[in-house]
Each structure stands twice: as C-alpha cells, then as structure tokens.
Amino acid sequence: MGLRKSAPEPAMAPPPPNPGGGGATALADPPVAPGSDAAVSDAGPAAAECAAVGDTLIAAGSIAADRFAEATAEAGGDLLKLGQLLLNRYGLARADLAQAVAAACSVDIAESNIGE
C-alpha cells in the first residue's frame, strides 16, 4: 500500500478591482438626523415605547429626566431591559412602571390586590 501526495489546492483568485477606486465602504443607508422619526425607529426595537414610558414616568414625577435618559441610553431601545434597569438600578416602583408600560403599549393592567 503506497502513500500518495494529495493534489495541491488551487490558489484563490484575488478579489475583483474596485470600479469606483478607493477603498471606502458604502453605507447601506444614509445617516439619519438625530431627533427625526427614522432616528427613533433605528434606536432599538421598542424605542418609541421606551420614550412613551419615559414621558409618563417623568410627568408623574416617578423619575427625573436626566436619570431616565441614562437608563434609556443603556437600554438601547429595548423595553424589557429598560424596565429591568428602572426597577433594579434606579429604584422605580413596580406599580409605577406597570402603569407607564401599559399606557405606552396600549394594554390594560391587572389588579394585583385581589382578595384583600
């Protein structure tokens, strides 16, 4: 039984030249101006709901605007993460958060004091 050398692997072809010249990568979407509707939708999956929760909580005096801005920046438009941050790090009351999320998402909240 003899050992054979395997066939050499073919060399990879170099990438095709860039027809536009230069080495820059084109953006898939143009930049969005801060504060525009498109900027809100790109901020995260639930950025609009996060903003609505903040409006409700700030108007009710449950949290200061600067503290909510910190939590929103860290949550990145994720409503669940925002809720966890507000409860665990910023000491927001569960009832206040529940009311704000219900208003922002247009859902009813259940009564938690059944039987008392």
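Preceding block: the structure.
On a predicted model such as this, the values are computed, not experimentally measured, just so you know.

1. What about the pattern of salt bridges?
Pairing between side chains of opposite charge can happen when their charged atoms approach one another.
Link 1 in the chain: If you walk through the whole model with that rule in mind, you get one salt bridge.
Link 2 in the chain: The residue Glu74 makes a salt bridge to Arg89 at a minimum N-O spacing of 2.5 Å. Taken as a pair, Glu74 in helix H3 (residues 65-75) and Arg89 in the loop between helix H4 (79-88) and helix H5 (94-105) lie far apart in primary sequence, 15 residues in all.
Link 3 in the chain: On the basis of relative accessibility, which here comes to 36%, the residue Glu74 falls in the partly exposed class.

2. Comments concerning H3
Link 1 in the chain: Along H3, the residues classified as buried are Phe68, Ala71 and Ala75. Seen from one end, H3 has its buried residues packed into an arc of 60°, which puts them on one side. In this structure, H3 carries Asp66 and Ala73 as exposed residues pointing more than 90 degrees from its buried face.
Link 2 in the chain: Of the residues flanking the end of H3, it is Gly76, one or two places downstream, whose phi is positive at about 65°.

About the thresholds
- Residues numbered from 1 in each chain as written.
- Predicted model: local features only at pLDDT ≥ 70, side-chain atom pairs only at ≥ 80, totals over all residues.
- Heavy atoms only, no water.
- Salt bridge = Lys/Arg side-chain N within 4 Å of Asp/Glu carboxyl O.
- Helix = DSSP H or I, 4+ residues; strand = E, 2+ residues; numbered from the N terminus.
- Buried < 20%, exposed > 50% of the residue type's maximum accessible area, 1.4 Å probe, protein only.
- Arc of directions from axis to C-beta.

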